[in-house]
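Chain by chain, the residues run as shown.
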Amino acid sequence: MRPFSYAKVKTKEQAIITLTEDKTAAFIAGGTDLLGLMKDRIQTAETLIDINSLPLNKIETSATGVRIGALCRLTEVALHPDIQKHYPVISQAINQSASPQLRNMATVGGNLLQKVRCPYFRNAAFPCNKRTPGEGCAAINGYNRMHAILGTSEHCIAVHPSDLAVALTALDAIICIQGLEKERQISIHEFYLLPGDTPHKETLLKPGELIVAVEIPNNNCSRNSNYLKVRDRAAYEFALVSVALALEIENRTIITAKIAFGGVATKPWRAWELEEFLQNKPLNQNTLNFATELAIKQAKPQQHNQFKIELLKRAILRALSE
Ligand code: SF4
């Protein structure tokens, strides 16, 4: 790891001004992803700005929804009684992420901004457009079993790694961002960008801005939600396929469905077309069969991950049946 200096800040303003003035600096909170990237020299920072003392660690619930501070630790969010009761998909997604030790350290904001797990991105010996724009993509003709089948481009096929972001996408979360000006809010659907021909641009976050909170509106689906994750081993593993599902059902008819996929797409993937099809449909085998075909309509598998198509279909079927 290259040497760096360390500065601790106590206010949001101080944090943002320090980062705006020093282009070689980076925020650090849990550090669970950043420190690994710095050790591997994939990311460098001359100054780490420690934001752990900022007052961004509250979970506030109201009749209209919940606001989760960006510095809340993942474990704390997963165990919060209101989250477990009103937004179970969030608790389930977090509990299936990483390991207990990592969940104790990692923050909500850091989790949403974690870097892709593409092995070529994390090894500077290989070309990677996300790490160095214009360099090429080693994964496209490399070993791409873990890569995306949705939202890919000829410049990048890396999967978005966060489980929490998939759950938040199904719940229409809002990302609250603070810059030098006042706080602004962006829907999670717009916040994450498709790789296109600029895979190094992953979100709408501008230089110097800080995620301060995530807001989740209350709706008729969120209580009846779940997260299904399929992976190579039962713990401490990223998703091959995941499905976040929130349903409003009356008399075995789906009134509203909110569905997002993880492990298969370059950003947390909202299944808008599938949701539209499921609206006001009876929850029976015919509906489920048609739904799974619809879900994979746009999928474009890579050389080594054709299996993700069938796996996604079965995961959707299981999540809806449960
Ligand atoms: Fe880099 Fe994306 Fe290609 Fe991986 S898939 S090597 S992250 S450009």
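Cut-off values and rules
- Residues numbered from 1 in each chain as written.
- Predicted model: local features only at pLDDT ≥ 70, side-chain atom pairs only at ≥ 80, totals over all residues.
- Heavy atoms only, no water.
- Helix = DSSP H or I, 4+ residues; strand = E, 2+ residues; numbered from the N terminus.
- Contact = heavy atoms within 4.5 Å.
- Near = heavy atom within 4 Å.
- Nonpolar A, V, L, I, M, F, W, Y, C, P; charged D, E, K, R; others polar.
- Buried < 20%, exposed > 50% of the residue type's maximum accessible area, 1.4 Å probe, protein only.
- Pairing = 2+ DSSP bridges.
- Domains from an automatic or database assignment.
- Core = buried A, V, L, I, M, F, W, Y, C linked by side-chain atoms within 4.5 Å.
- Polar contact = N/O pair within 3.5 Å; in protein donor to acceptor, adjacent residues only side chain to side chain.
- Phe/Tyr/Trp six-rings, centres within 6.5 Å; stacked < 30°, edge-to-face > 60°.
- Axes fitted to C-alpha atoms, helices over the stretch in contact; angles between N-to-C directions.
- Parallel < 35°, antiparallel > 145°, perpendicular 65-115°, else oblique.
- Left-handed = near helix turned anticlockwise from the far one by under 90°.

Caption draft 1: The arrangement of the environment of Leu 205 in detail. Relative to the elements of secondary structure, Leu 205 occurs in the loop between helix H9 (188-191) and strand S8 (210-217). Between the C-alpha atoms of Leu 205 and Phe 277, which are 72 residues apart in sequence, the distance is 33 Å. Apart from residues no more than four positions distant in its own chain, Leu 205 is found in contact with Leu 113, Ile 177, Arg 184, Phe 191 and Ile 211.

Caption draft 2: Examining the site of the ligand more closely. If you check the shell around the ligand, you find 14 residues, and the closest are Cys 118, Cys 128, Cys 137, Cys 156 and Ile 157. Residues that form the shell around the ligand fall into these classes: 11 nonpolar, two polar and one charged.

Caption draft 3: View of the pairing of strand S10 (residues 241-250). Of all the 10 residues making up S10, eight are buried; the element is thus mostly covered by neighbouring parts of the structure. Relative to S10, strand S9 (residues 225-230) runs antiparallel, the two being bridged by six bridges. Paired with Ser 225 across the strands is Ala 246, a residue of S10. Direction of pairing for S10 relative to strand S11 (residues 253-262): antiparallel, over a ladder of nine bridges. Bridge assignment links Glu 248 to a residue of S11, and that residue is Thr 256.

Caption draft 4: Quick look at the domain arrangement of the chain. In terms of domains, the chain is made up of domain 1 (5-49) and domain 2 (225-321). Put simply, the middle of domain 1 and the middle of domain 2, counted by C-alpha atoms, are 37 Å apart.

Caption draft 5: Summary view of the nonpolar core. Ranked by internal contacts, the top residues of the largest apolar core, which has 39 residues, are Ile 68, Val 77, Ile 90, Val 108, Leu 112, Leu 168 and Ile 216. At six residues, helix H8 (residues 163-170) tops the list of elements feeding residues into this core. When near neighbours in sequence (up to four residues on either side) are disregarded, Ile 68 contacts Lys 58, Ile 59, Val 77, Ile 83, Val 108, Ala 213, Val 214 and Ile 216. With 31 residues, the next largest nonpolar core counts Phe 261, Val 264, Ala 299 and Leu 312 among its residues.

Caption draft 6: Geometry of the side chain of Gln 114. Positionally, Gln 114 belongs in the loop between helix H7 (108-112) and H8. A distance of 3.0 Å separates a polar atom in the side chain of Gln 114 from the backbone oxygen of Asn 111. If near-sequence neighbours (up to four positions away) are discounted, Gln 114 is found in contact with Asp 33, Pro 161, Ser 162 and Phe 238.

Caption draft 7: Representation of the packing of aromatic side chains in the model. Here the structure, examined in full by the defined rule, presents three aromatic pairs. Taken together, a centroid distance of 5.0 Å and an interplanar angle of 75 degrees make the contact between Tyr 120 and Phe 126 edge-to-face. Classification of Tyr 120 as buried rests on a relative accessible area of 12%. Looking at Phe 126, the relative accessible area reads 36%, which means it is partly exposed. Taking the centre distance of 5.1 Å and the plane angle of 75 degrees together, the rings of Phe 191 and Tyr 192 count as edge-to-face. You'll find Phe 191 and Tyr 192 in the same group, each marked buried.

Caption draft 8: Structural detail: the sheet that holds strand S1 (residues 5-8). Reading across from one edge, S1-S3-S2 is the order of the three strands in this open sheet, with parallel pairing throughout. Looking at strand neighbours, the two that pair on one side only are S1 and strand S2 (25-28), the edges of this open sheet. Adjacent strand axes in the sheet meet at a mean angle of 25 degrees when their direction is disregarded. In terms of strand pairing, S1 meets strand S3 (residues 47-50) through four bridges, oriented parallel. Within S3, the position partnered with Ala 7 by the bridge is Ile 49. Sheet contacts for helix H1 (residues 12-21): S1, S2 and S3; angle to S2, the most-contacted strand, approximately 150 degrees.

Caption draft 9: Seen up close, the packing of helix H5 (residues 88-95) against H8. Running from N to C, H5 and H8 point in directions that differ by 165 degrees, and their axes come no closer than 8 Å. By the criterion of interaxial angle, the relationship of H5 to H8 is roughly antiparallel. As H5 runs across H8, the sense of the crossing is right-handed. Residue-level contacts link Val 89, Ile 90, Ala 93 and Ile 94 of H5 to Asp 163, Leu 164, Ala 167 and Leu 168 of H8. Classifying every residue of the contact of H5 with H8 by side-chain character gives seven nonpolar, no polar and one charged.

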